[in-house]
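Here is how the chains run, residue by residue.
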Amino acid sequence: MSTRGRFILATLCGLVLAGIVHIVTVRAIPYFAQGDAFSRARSSESLDHPLRIHSLAVAGAPAAAEAWLPIPDPAVAVGVCAYDLDDGPMRVSARTGALTLSIAVHSRKGAFYAVTDQAAVRGSLDLVIMTRGQYDEALASENENEVNRDVRIVANEREGYAVVRVIAALPSQSAMANDAVDAVSCSIDAPDEPTDANTKPGG
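The rules we used
- Residues numbered from 1 in each chain as written.
- Predicted model: local features only at pLDDT ≥ 70, side-chain atom pairs only at ≥ 80, totals over all residues.
- Heavy atoms only, no water.
- Buried < 20%, exposed > 50% of the residue type's maximum accessible area, 1.4 Å probe, protein only.
- Helix = DSSP H or I, 4+ residues; strand = E, 2+ residues; numbered from the N terminus.
- Arc of directions from axis to C-beta.
- Contact = heavy atoms within 4.5 Å.
- Disulfide = S-S within 2.5 Å.
- Pairing = 2+ DSSP bridges.
- Axes fitted to C-alpha atoms, helices over the stretch in contact; angles between N-to-C directions.
- Core = buried A, V, L, I, M, F, W, Y, C linked by side-chain atoms within 4.5 Å.

Some points on helix 4 (residues 174–183)
Buried within helix 4 we find Ser-174, Ala-177, Asn-178 and Val-181. For helix 4, the angular spread of buried residues about the axis comes to 100°, placing them on one side. Along helix 4, exposed side chains directed more than 90 degrees from the buried face belong to Asp-179 and Ala-183. Of the surrounding elements, those touching the buried residues of helix 4 are strand 1 (51–54), strand 2 (76–84) and strand 8 (159–167).

A look at the state of the cysteines
Disulfide: a covalent bond formed between the sulfur atoms of two cysteine residues. Summed over the entire model, instances satisfying the criterion amount to 1 disulfide. Here Cys-81 connects covalently by a disulfide to Cys-186, the sulfurs 1.8 Å from one another. In this structure the cystine formed by Cys-81 and Cys-186 twists about its S-S bond by roughly 50°; its chirality is therefore right-handed. One end of the pair, Cys-81, is in strand 2; the other, Cys-186, is in strand 9 (residues 185–188), with 105 residues separating them in the sequence. Among the residues examined, Cys-81 registers a relative accessible area of 2% and is labelled buried.

Quick word on the sheet that holds strand 9
Here we have 4 strands laid out as an open sheet, ordered 7-6-3-9, and mixed in their pairing. Looking at the sheet topology across the chains shown, the edges are occupied by strand 7 (151–154) and strand 9. On average, adjacent strands in this sheet sit at an angle of 20° to one another, irrespective of strand direction. Two elements, strand 3 (residues 90–95) and strand 6 (residues 124–130), share 6 bridges in a ladder whose sense is antiparallel. Counterpart to Ser-93 in the pairing with strand 6 is Asp-126.

What to know about the nonpolar core
Val-92, Leu-101, Ile-103, Leu-127 and Ile-129 are the most contacted members of the largest nonpolar core, which has 27 residues in total. Every element with two or more residues in this core is listed here: strand 2, strand 3, strand 4 (101–107), strand 6, strand 7, strand 8 and helix 4. When sequence neighbours within four positions are dropped, the list of residues in contact with Val-92 reads Ile-103, Leu-125, Asp-126, Leu-127, Ile-129, Ala-162, Val-184, Ser-185 and Cys-186. Ile-53, Val-76, Val-80 and Tyr-161 belong to the second largest nonpolar core, which has 7 residues in total.

Right, here's the structure in full:
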């Protein structure tokens, strides 16, 4: 076979291989789309606390093999709270204690904010994730005479999730770390309910 013939054959083989790879990739997209971190985090939307995705082993019992986010340290308990800001601002509240706690907020583009328990005020950390419109509305309705200790974050996308991590410095603190993740509150900040004075009789 001439050099030209071998070149044409190699080119045809390359095109066929590229076509096969393209078809396999397209058919695999739905599988990977349903298994990405964001899609799996959405199962926590109906919960009022983080969905624990990495538990620490306690009293010799092995940790559950549920981790689907990168776990940089096996001594870290991890939970997630998914949010959709169309429902209202997402409030993530945590009480600090002896163990180090951090919260990172993610969108599909990746993490865009992180805070640790060092930002807590009087042992309480309240992170409120909002759209720009919700943030402006909160500022407009704020009472200047009241101290607001919320850490307000403007999200870069409407949907996302918050990742709660608690570090167990010692094996004996593993149960405490798991419980600390479960104790975090994830809730939607609903509009204020109308008071009786503003409610019309018979309404």
